Amino acid sequence: MKALVTGISGFVGSHMAEFLLRQGVEVVGTIRNRSRMDHISHLRQEIRLAECELRDPFSVETLIGRERPDLIFHLAAQSFVPTSWNSPIDTIHNNVAGQVNLFEAVRRFELPAKIQIACSSEEYGQVEPEETPIRETNPLRPLSPYAISKVAQDYLGYQYHRSYGLHVVRTITFNHTGPRRGENFVTSNFAKQIVDIEKGRKAPVIHVGNLEAKRDFTDVRDVVRGYWLALEKGQPGENYNIASGTCCTIAEMLNTLLSFSNVSIEVQTDPSRLRPSDVQILLGDYRKFQEATGWKPEIPFQRTMEDLLQYWRSQP
Ligand SMILES: Nc1nc2c(ncn2[C@@H]2O[C@H](COP(=O)(O)OP(=O)(O)O[C@H]3O[C@H](CO)[C@@H](O)[C@H](O)[C@@H]3O)[C@@H](O)[C@H]2O)c(=O)[nH]1
């Protein structure tokens, strides 16, 4: 069995590769010439890398025709919400065109590949507290160009399944974190600031944005197990929430991180970290996915936060 992982050098891609190798699956991953390789350097002997620009149909068709994977985990994306306000066209083009190119190549070669696409709880956007926990039937009220790009990816998955019978499973993943999370994202950003303070590299002040937002965090290692199960047991064309079923404010998340450290800090709001519109609450209901696949989150939030802090402590 051969799996293609797009964006293998990224945070989720590297965890996906580790999981697939443990299942005895042959792993091929896409990289671009500017990709950072540090997340997968420990796997270099066990995986194969293919340079591919997903925005370029020729590049994607060449890759798919050559590799003919059985499974595709489509994880490559511009995934940071604030960047999508600075470069909305690039985010939408990257995320949407990349996926269309992938679908078109699979279709043209008539591959029976099963394809997982990484949709996002950001699609739900403006959610009222009484609409939680969020089910797959909740309305989509996206609040950022990134969210729009994910709505498009999501519905393209539905459309390519209905129009051409492609085996696409749409996973709607709520926030996820763990070791190797990019330092722009809030959990890693705060963990790294704490470690920089511990190491005496930074004054004991943590810079923050909106601490009132509520997020539903799952460990990335549970998430990639979910992606595998989505292709093993999920129905093509369907969408499934992957979430923990609990949520906390960003302030509570910061306090959890601080409980694993001895530093005493001052918290300072940095206006540049505030967004034009922020999703106030994400709390997911994952029962549909559990019923289809048996998946449930296993790694407690406390352990995820502790592992994340340890990850940053281990970095030079
Ligand atoms: N990044 C960041 N966020 C901050 C900060 N302070 C507060 N926040 C708040 O922390 C929350 C989480 O921010 P991010 O970690 O950047 O994640 P996100 O915008 O929720 O998006 C993530 O989750 C989506 C799934 O819901 C993913 O699709 C997306 O790619 C990303 O991983 C947001 O409400 C943000 O305003 C800060 O200093 N930095």
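Residues numbered from 1 in each chain as written. Predicted model: local features only at pLDDT ≥ 70, side-chain atom pairs only at ≥ 80, totals over all residues. Heavy atoms only, no water.

If you look the protein chain up in an unreviewed UniProt entry, it shows as GDP-mannose 4,6-dehydratase from Cohnella cellulosilytica. Taken verbatim from the UniProt record of the protein chain, the Cofactor (unreviewed entry) comment is "NADP(+)". Recorded in UniProt for the protein chain, the comment headed Sequence similarities (unreviewed entry) runs: "Belongs to the NAD(P)-dependent epimerase/dehydratase family. GDP-mannose 4,6-dehydratase subfamily." (UniProt positions renumbered as here; feature names shortened; annotations may be inferred.)

Trainee: An account of the side chain of Ser 149 is requested, with residue identities and associated values reported.
Mentor: Secondary-structure assignment places Ser 149 in helix H5 (residues 145-164). Ser 149 sits in the buried class, given a relative accessible area of 0%. Dropping the residues within four chain positions of it, Ser 149 is found in contact with Thr 91, Ile 92, Asn 95 and Val 96. (Helix = DSSP H or I, 4+ residues; strand = E, 2+ residues; numbered from the N terminus. Buried < 20%, exposed > 50% of the residue type's maximum accessible area, 1.4 Å probe, protein only. Contact = heavy atoms within 4.5 Å.)

Trainee: How would you explain the site of the ligand if you had to name every residue and give the values?
Mentor: Neighbouring the ligand are 25 residues; Ser 79, Ser 121, Tyr 146, Arg 275 and Asp 278 lie closest to it. Asn 184 places a polar main-chain atom, nitrogen or oxygen, 2.9 Å from a nitrogen atom of the ligand. The contact in question runs from a nitrogen atom of the ligand to an N or O atom on the backbone of Gly 209, over 2.8 Å. Of the residues that constitute the shell around the ligand, the class distribution is 11 nonpolar, eight polar and six charged. (Near = heavy atom within 4 Å. Polar contact = N/O pair within 3.5 Å; in protein donor to acceptor, adjacent residues only side chain to side chain. Nonpolar A, V, L, I, M, F, W, Y, C, P; charged D, E, K, R; others polar.)

Trainee: An account of the state of the cysteines is needed here, citing residue identities and associated values.
Mentor: Scanning the model with the defined rule gives zero disulfides in all. Here Cys 119 is not cross-linked by a disulfide; its sulfur's nearest cysteine counterpart is in Cys 52, at 19 Å. Assessed through its relative accessible area of 4%, Cys 119 is described here as buried. Free of any disulfide, Cys 248 has its nearest neighbouring cysteine sulfur in Cys 247, separated by 6.9 Å. Exposure remark for Cys 248: the relative accessible area of 13% places this residue in the buried category. (Disulfide = S-S within 2.5 Å.)

Trainee: Describe the UniProt feature "domain: NAD(P)-binding" (unreviewed entry) in the protein chain, and please don't skip the residues or the numbers.
Mentor: Feature annotation in UniProt assigns "domain: NAD(P)-binding" (unreviewed entry) to the following positions: residues 4-307. This span, residues 4-307, is 39% helix and 17% strand, and a straight line between its end C-alpha atoms measures 28 Å.

Trainee: How would you sum up unusual backbone geometry? Please name residues and give values.
Mentor: Here Thr 132 and Pro 133 are connected by a cis peptide whose omega angle stands at -10 degrees. Residue position: Pro 133 is located in the loop between strand E5 (114-120) and H5. A positive phi angle is found at Arg 180, which is not glycine, with a value near 80 degrees. Relative to the elements of secondary structure, Arg 180 occurs in the loop between strand E7 (176-177) and helix H6 (186-198).

Trainee: Just give me the short version of the nonpolar core, but keep the residues and values in it.
Mentor: Met 16, Leu 20, Phe 73, Tyr 227 and Trp 228 are the most contacted members of the largest nonpolar core, which has 34 residues in total. Where this core is concerned, the elements lending two or more residues are strand E1 (2-6), helix H1 (11-22), strand E2 (26-31), strand E4 (71-74), helix H7 (220-233) and strand E11 (239-242). Counting residues per element, this core draws most heavily on H7, which supplies eight residues. Of all hydrophobic cores here, the second largest spans 32 residues; its members include Phe 103, Leu 111, Val 127 and Leu 282. (Core = buried A, V, L, I, M, F, W, Y, C linked by side-chain atoms within 4.5 Å.)

Trainee: Outline the environment of Arg 107, listing residues and values.
Mentor: Looking at where Arg 107 falls in the secondary structure, it is placed in helix H4 (residues 88-108). For the pair Arg 107 and Tyr 164, spaced 57 residues apart in sequence, the C-alpha separation works out to 7.6 Å. Excluding residues that lie within four positions of it along the chain, Arg 107 makes contacts with Tyr 160, Tyr 164 and Leu 166.

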